[in-house]
Amino acid sequence: GGKMAARLSGGENRLVSLPLSRIRVIMKSSPEVSSINQDALFLTAKATELFVQYLATYSYKHGRGKEKNALTYSDLSHTAEECETFQFLADILPKKILASKYLKMLEKEKRDGEVGEDDEEEEDEDET
């Protein structure tokens, strides 16, 4: 166990590719976290790295990436939508849509909302 600790303090960058300082900042942004143990920081970084690798590999294998030999954003968002394991990422990796399409959707929601309210009022008038 001593070797591992020595390697961690000396060359942790070789073992993990994410910047530990940034991960410490993210962890500290939680109000419940007061101090961060060095091992906990390293393990969080390593787990995050492995998770991102898994997400990328899964998305590449199950997406259209194999045909193009590339991993695309739509492969990632498709994985977040379709795979139960990754569904918690759906808000973070939404399907890309054109701004014009989004604005139309908002308009429709707004219109539908107004129509719904008007219908209720009319029904009340019919009853009396």
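Residues numbered from 1 in each chain as written. Predicted model: local features only at pLDDT ≥ 70, side-chain atom pairs only at ≥ 80, totals over all residues. Heavy atoms only, no water.

Draft legend 1. Just a nonpolar patch on the surface, in detail. On the surface, Ile97, Tyr102, Leu103, Met105 and Leu106 cluster together into a nonpolar patch covering about 470 Å² of accessible area. Positionally, Leu103 belongs in helix α6 (residues 99-127). (Patch = residues over 30% accessible without salt bridge, like charges linked within 9 Å, V, L, I, M, F, W, Y side chains within 5 Å. Areas by Shrake-Rupley, 256 points an atom, 1.4 Å probe, with all protein chains shown as cover. Salt bridge = Lys/Arg side-chain N within 4 Å of Asp/Glu carboxyl O. Helix = DSSP H or I, 4+ residues; strand = E, 2+ residues; numbered from the N terminus.)

Draft legend 2. The arrangement of the packing of aromatic side chains in detail. The final tally for this structure, using the stated rule, is five aromatic pairs. Seen in terms of ring centroids, Phe51 and Phe88 are 6.1 Å apart; in terms of plane orientation they differ by 40 degrees. Their pairing is tilted. On the criterion of sequence distance, the pair formed by Phe51 in helix α3 (residues 38-62) and Phe88 in the loop between α5 (73-82) and α6 is long-range, its members being 37 residues apart. Classification of Phe51 by relative accessible area gives partly exposed; the value is 30%. Exposure remark for Phe88: the relative accessible area of 56% places this residue in the exposed category. Ring centres of Tyr58 and Phe86 lie 5.6 Å apart, and the angle between their planes is 55 degrees; this geometry places the pair in the tilted category. One end of the pair, Tyr58, is in helix α3; the other, Phe86, is in the loop between α5 and α6, and 28 residues separate them in sequence. Using a relative accessible area of 23% as the deciding quantity, one classes Tyr58 as partly exposed. Exposure remark for Phe86: the relative accessible area of 0% places this residue in the buried category. An aromatic cluster is defined as three or more aromatic residues linked by ring pairs; in this entry it consists of Phe51, Tyr54, Tyr58, Phe86 and Phe88. (Phe/Tyr/Trp six-rings, centres within 6.5 Å; stacked < 30°, edge-to-face > 60°. Buried < 20%, exposed > 50% of the residue type's maximum accessible area, 1.4 Å probe, protein only.)

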